[in-house]
Amino acid sequence: RPNKQDDGFSVKRTACVFIRKEPFYRRSAVETGLKRLGYTISDRVVWPSKKEDALVIWNKKAGAEEDRADQWEARGGTVIVMENGYLQQVDKTYYAISAHGHNGSGYYPVGDDLRFPKLGFTLKPWRNGLGEMLVRAQRGVGSRSMASPPQWAEKLVAKFKANKVTARLVPHPGDKNKLALDAAALKTAGILHIWSSAMGVRALVEGVTVIHHAPHWICAGANESNRAAALEKMAWGQWNVDEISSGEPFARILGSKS
């Protein structure tokens, strides 16, 4: 497992952690993993002096939080953004981790081992767009570039209707039973329009054509021919609690040259 000796971390470094505590946000796992790498943890802003100094946040909300993250990077530090995992059998078992931004707007190193098969999903036959057209409603959370515009989904459905195209609005499920609700909605789907949503990742597994409208998405450009590769790359952007506690995802990001 990563530690401050075998990862070459020999200079004093600080991680300012702004992740809420248990049961859902796994702050203790984040702190444990960073301490394994030799980090001093702070819940206050200690401005960085080098790339290895980290600011760890949940999502990257427009406003004061995004402004602080921008200042952090301008001073040479690394911003690590966490969120709920993109694809998981059980909610709150995997967490997305990347530098700078979330859901394809940031970066993370991709390794050589296969991670997608460990998630326990089997790729379903491609539906070739046959089925319902769905539009996933969004909550408008995220950075200035990644947050969906107000009523984005509702306006898109209205636009389709005006052009005599049938599209069904799928409400955002919130946090309760969301994985099962997404799976149920996708049973009859042929095409799914998203802003930038984890539901789109599950849709790719189910063989549904996904069209994203945000500037970035974790599986941007995925189609029938390359979805396996896109999902494998996605899998390197999310980690389970034991892996987070080991420090591996942080060591990979903070030790990379991206």
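Scroll up to find the structure this text is about.
Residues numbered from 1 in each chain as written. Predicted model: local features only at pLDDT ≥ 70, side-chain atom pairs only at ≥ 80, totals over all residues. Heavy atoms only, no water.

**Q** Is there a simple way to explain the pattern of salt bridges in this structure?
**A** Side chains that differ in charge, positive against negative, can pair when their charged atoms come close. Using the criterion set out here, one finds 13 salt bridges in the structure. Between Asp-53 and Lys-50 there is a salt bridge whose closest N-O contact spans 3.3 Å. Lys-50 gets classed as partly exposed once you look at its relative accessible area, which sits at 21%. (Salt bridge = Lys/Arg side-chain N within 4 Å of Asp/Glu carboxyl O. Buried < 20%, exposed > 50% of the residue type's maximum accessible area, 1.4 Å probe, protein only.)

**Q** In this structure, what is going on with the packing of aromatic side chains? I would like to understand it.
**A** The geometry of an aromatic ring pair is captured by two quantities: the separation of the ring centres and the angle between the planes. Throughout the structure, instances matching the rule amount to four aromatic pairs. Ring centres of Trp-47 and Trp-72 lie 5.9 Å apart, and the angle between their planes is 40 degrees; this geometry places the pair in the tilted category. Separated by 25 residues along the polypeptide, Trp-47 in the loop between strand E2 (39–42) and strand E3 (54–58) and Trp-72 in helix H2 (residues 64–74) bring together distant segments of the chain. Since its relative accessible area comes to 33%, Trp-47 is described here as partly exposed. With a centroid separation of 6.1 Å and 75 degrees between ring planes, the pair formed by Trp-236 and Trp-239 is classed as edge-to-face. For the pair formed by Trp-236 and Trp-239, the shared burial category is buried. Positioned above the aromatic ring of Trp-236 is the side chain of Arg-115, whose terminal nitrogen or guanidinium carbon lies 5.4 Å from the ring centre. Taking NZ or CZ as reference, Arg-115 lies 4.1 Å from the ring centre of Trp-239, over its face. (Phe/Tyr/Trp six-rings, centres within 6.5 Å; stacked < 30°, edge-to-face > 60°. Helix = DSSP H or I, 4+ residues; strand = E, 2+ residues; numbered from the N terminus. Lys NZ or Arg CZ within 6 Å of the ring centre and 35° of its normal.)

By themselves these figures say nothing about function.
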